[in-house]
Amino acid sequence: MIETHNLSLNYDGSTDVVHELTLTVIAGQITALVGPNGCGKSTLLRGLSRLLKPARGVVCLDGRDIHAMGAKDLARRLGILPQGPTAPEGLTVHELVAQGRYPHQSFGSSSGARTTNKSSRRRSSRPTSRCSPTGRSIR
């Protein structure tokens, strides 16, 4: 589940493109963002995926503030295929999406299959943050 609490997004401190949005996107459900050009759909997606830092508010993934999560941990839980005018030639959609699965691949693995060794896993030194309904991170 992705949640926002009083989320405001802007570029370089200018006027908010997204202003105080509180939203819940339930896992396993289809959600559509619909609106005219320039209304903030792409800006919202950038904020939800940590590509744009909120001016105010918080974005949570499964109850955790995404800005307190490590990059690799976030990439294992959240994927984004940004809009773009062209895609590499000769790739199917499946192959293109699979290219973004690097957090699940081992270094040096030619097949791209994930291999794990429990003794080599490292714990992040970052404190775990949870999100509260008020939009503040709780440690």
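It should be emphasised that the depicted structure is a prediction, and the values quoted were computed from it without experimental measurement. (Residues numbered from 1 in each chain as written. Predicted model: local features only at pLDDT ≥ 70, side-chain atom pairs only at ≥ 80, totals over all residues. Heavy atoms only, no water.)

1. Structural notes on the nonpolar core
Membership of the largest hydrophobic core comes to 13 residues, with the highest contact counts inside it found for Ile 2, Val 59, Leu 61 and Ile 66. Counting residues per element, this core draws most heavily on strand β1 (residues 2-9), which supplies three residues. Leaving out residues up to four positions away in the same chain, Leu 61 has contacts with Met 1, Ile 2, Ile 66, Met 69, Leu 74, Arg 77 and Leu 78. (Core = buried A, V, L, I, M, F, W, Y, C linked by side-chain atoms within 4.5 Å. Buried < 20%, exposed > 50% of the residue type's maximum accessible area, 1.4 Å probe, protein only. Helix = DSSP H or I, 4+ residues; strand = E, 2+ residues; numbered from the N terminus. Contact = heavy atoms within 4.5 Å.)

2. Some points on the sheet that holds strand β3 (residues 56-61)
Spatial strand order, β2-β1-β3-β4: four strands in an open sheet with antiparallel pairing. On the outer flanks of this sheet lie β2 (18-25) and β4 (64-65), each paired with one strand and no other. Those strands touched by helix α1 (residues 41-48) are β1, β2 and β3, and its axis lies near 120° from that of β1. (Pairing = 2+ DSSP bridges. Axes fitted to C-alpha atoms, helices over the stretch in contact; angles between N-to-C directions.)

3. Focus: the pattern of salt bridges
Throughout the structure, instances matching the rule amount to three salt bridges. Note that Asp 16 and Arg 56 form a salt bridge whose closest N and O atoms lie 2.3 Å from each other. In this pair, Asp 16 sits in the loop between β1 and β2 while Arg 56 sits in strand β3, placing the two residues 40 residues apart along the sequence. Residue classification places Asp 16 among the partly exposed residues on the basis of a relative accessible area of 21%. (Salt bridge = Lys/Arg side-chain N within 4 Å of Asp/Glu carboxyl O.)

4. Side note on a nonpolar patch on the surface
Taken together, the side chains of Leu 33, Leu 45, Leu 51 and Ile 80 make up a nonpolar region of the molecular surface, amounting to roughly 350 Å² of accessible area. In this structure, Ile 80 sits in the loop between α2 (71-77) and α3 (93-99). In this structure Ile 80 comes out as partly exposed when scored by relative accessible area, which is 46%. (Patch = residues over 30% accessible without salt bridge, like charges linked within 9 Å, V, L, I, M, F, W, Y side chains within 5 Å. Areas by Shrake-Rupley, 256 points an atom, 1.4 Å probe, with all protein chains shown as cover.)

5. Quick notes on unusual backbone geometry
For residues that are not glycine, phi is negative in most cases, and the peptide bond is trans in most cases. Positive phi, close to 50°, is recorded for Asn 6, a residue that is not glycine. Inspection of the secondary structure puts Asn 6 in strand β1. Asn 6 sits in the partly exposed class, given a relative accessible area of 38%. Positioned with a positive phi, Glu 20 is a non-glycine residue whose angle comes to about 50°. In this fold, Glu 20 is placed in strand β2. Since its relative accessible area comes to 48%, Glu 20 is described here as partly exposed.

6. Quick look at the pairing of β3
Alignment of β1 against β3, held across five bridges, turns out to be antiparallel. Paired with Glu 3 across the two strands is Cys 60, which belongs to β3. With two bridges joining them, β3 and β4 adopt antiparallel strand pairing. By the bridge assignment for β4, Cys 60 is matched with Asp 65. Hairpin remark: β3 followed by β4, antiparallel, with two residues in the connecting loop; positive phi at Asp 62, about 50°.

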